[in-house]
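# Structural description and commentary
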Amino acid sequence: MSLNIALIGCGMIGREHIERIQNRIKDAKIVAVCDVFEEGAKKGAAIAGEGTKVYTDFNEAINDPDVNAVVVTTPGAFHKDPVIAAIKAGKPVFSEKPLANTAADCKEIVDAEMASGKHLVQVGFMRRYDRGYNQLKALLDEGKFGAPMVIKCTHRADGVAEDYTTAMAVTDTAIHEIDVLPWLVDDEWDEVQCIMPKTSSKAHEGLKDPQIMILKTKGGIVTVLEVNVNCGFGYDINCEVVCENGVMNLPCPSFPTVRFDHNVSTKIEDNWILRFIDSYDVEIQDWVNHALEGKTGGSSAWDGYVASITADALVKSQTTGAAEKVITGGTPDFYKK
Ligand code: ISE
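## Some remarks on the sheet that holds strand β6 (residues 121–124)
Overall, mixed pairing links the 7 strands, which are arranged β3-β2-β1-β4-β5-β6-β15 in an open sheet. In the strand order of this sheet, the two ends are held by β3 (53–55) and β15 (299–300), each with one partner. Sheet analysis places strand β4 (residues 69–72) next to strand β5 (residues 93–96), joined by 3 bridges and oriented parallel. Residue V72 lies in a different strand from β5, and its bridge partner there is S95.

Next comes the structure, spelled out in structure tokens:
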């Protein structure tokens, strides 16, 4: 048995996943690609290889009888409709992060999945598959370090495109920490706040960057996250967990330490695709393995919804400056582990 996938949305991450699935993932292949722009779909099909069907209508692609699973890699604002179409067709669906751009859209997905009675949706929060985060989690779960109390993170990028907005620092960037940290420490967000420091002269017109986000869990753990997307020196992800008896730091991909020209230096990764490339491979293989057994792994639609509620609260705080509560209404039984 193999997953015959229709991939919806042939932009950059879509093309990455096509290449990944065709070349590195077992028991799955892309049989159809879809993009509203036919040229985009054809580019995707060229990567997928001969015989790949080309669609511009996601409903047709998803309901193609040769298709038994769906990957959604459209921009976040257009995730909801194809994800719900896949649920209605009873086909497992992997949606890139965020599940949707608003909590209201995520809620519609959650409601559709619960109504279907089957767990069909997995959200592409790949950090849950990153080796380093898993090493931290294993250490924390050992217990000897005591309870985590403070988490200090940086999410830095070289630079961003002109269409990157102040809100996207939350909905597109910090959304990774919003998902991975509660998973890491087995807790839930309670309240969140965003503080705007002096803006970098490198940020484009209208963009507030860097931003400091303070997120507190129900168990009292406080995270301080620096989002800084114009740092100009690479893609720099750090996470330090301060526990009662010890402190642990996320390992970063290793590069040689170089002594040259009166300096000792170590490279920093160039961009997020390279930084998390291994996690993406592990994540997609895990989705395939689960889907073949009629299950989902990683982040569920509920996790995607909660991340989006948290993001909405942080975006609100970007203008109010106040701490905002994260109100989820509690996990439905359907999603309880
Ligand atoms: C991008 O979509 C990602 O998912 C990256 O991990 C994140 O660092 C970046 O800010 C996003 O635009």
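Picking up after the structure, the text goes on.
## Brief notes about the site of the ligand
What surrounds the ligand is the set K97, M126, H155, D172, T173, H176, Y235 and W272. Here an oxygen atom of the ligand and a side-chain polar atom of H155 are 2.6 Å apart. Here an oxygen atom of the ligand and a side-chain polar atom of T173 are 2.6 Å apart. Summarising the interface, the protein chains cover 87% of the accessible area of the ligand, which totals 300 Å² for the free molecule. It is helix α7 (residues 168–185) that contributes the most residues to the shell around the ligand, 3 residues altogether. Per-class residue counts for the shell around the ligand are 3 nonpolar, 3 polar and 2 charged.

## A few points about the environment of T74
As for its placement among the helices and strands, T74 is situated in the loop between β4 and α4 (80–88). C-alpha separation for the pair T74 and V247, spaced 173 residues apart in sequence, amounts to 39 Å. Excluding residues that lie within four positions of it along the chain, T74 makes contacts with I8, G9 and H79.

## Some remarks on the nonpolar core
M213, C239 and V241 are the most contacted members of the largest nonpolar core, which totals 78 residues. For this core, the element with the most residues is α7, which contributes 10 residues. Residues contacting C239, with those up to four places away along its chain left out, are Y133, L136, I151, K152, C153, L181, M248, N249 and L250. Of all hydrophobic cores here, the second largest spans 19 residues; its members include I5, L7, I30 and A45.

What counts, and where the lines are drawn
Residues numbered from 1 in each chain as written. Predicted model: local features only at pLDDT ≥ 70, side-chain atom pairs only at ≥ 80, totals over all residues. Heavy atoms only, no water. Pairing = 2+ DSSP bridges. Helix = DSSP H or I, 4+ residues; strand = E, 2+ residues; numbered from the N terminus. Near = heavy atom within 4 Å. Polar contact = N/O pair within 3.5 Å; in protein donor to acceptor, adjacent residues only side chain to side chain. Areas by Shrake-Rupley, 256 points an atom, 1.4 Å probe, with all protein chains shown as cover. Nonpolar A, V, L, I, M, F, W, Y, C, P; charged D, E, K, R; others polar. Contact = heavy atoms within 4.5 Å. Core = buried A, V, L, I, M, F, W, Y, C linked by side-chain atoms within 4.5 Å. Buried < 20%, exposed > 50% of the residue type's maximum accessible area, 1.4 Å probe, protein only.

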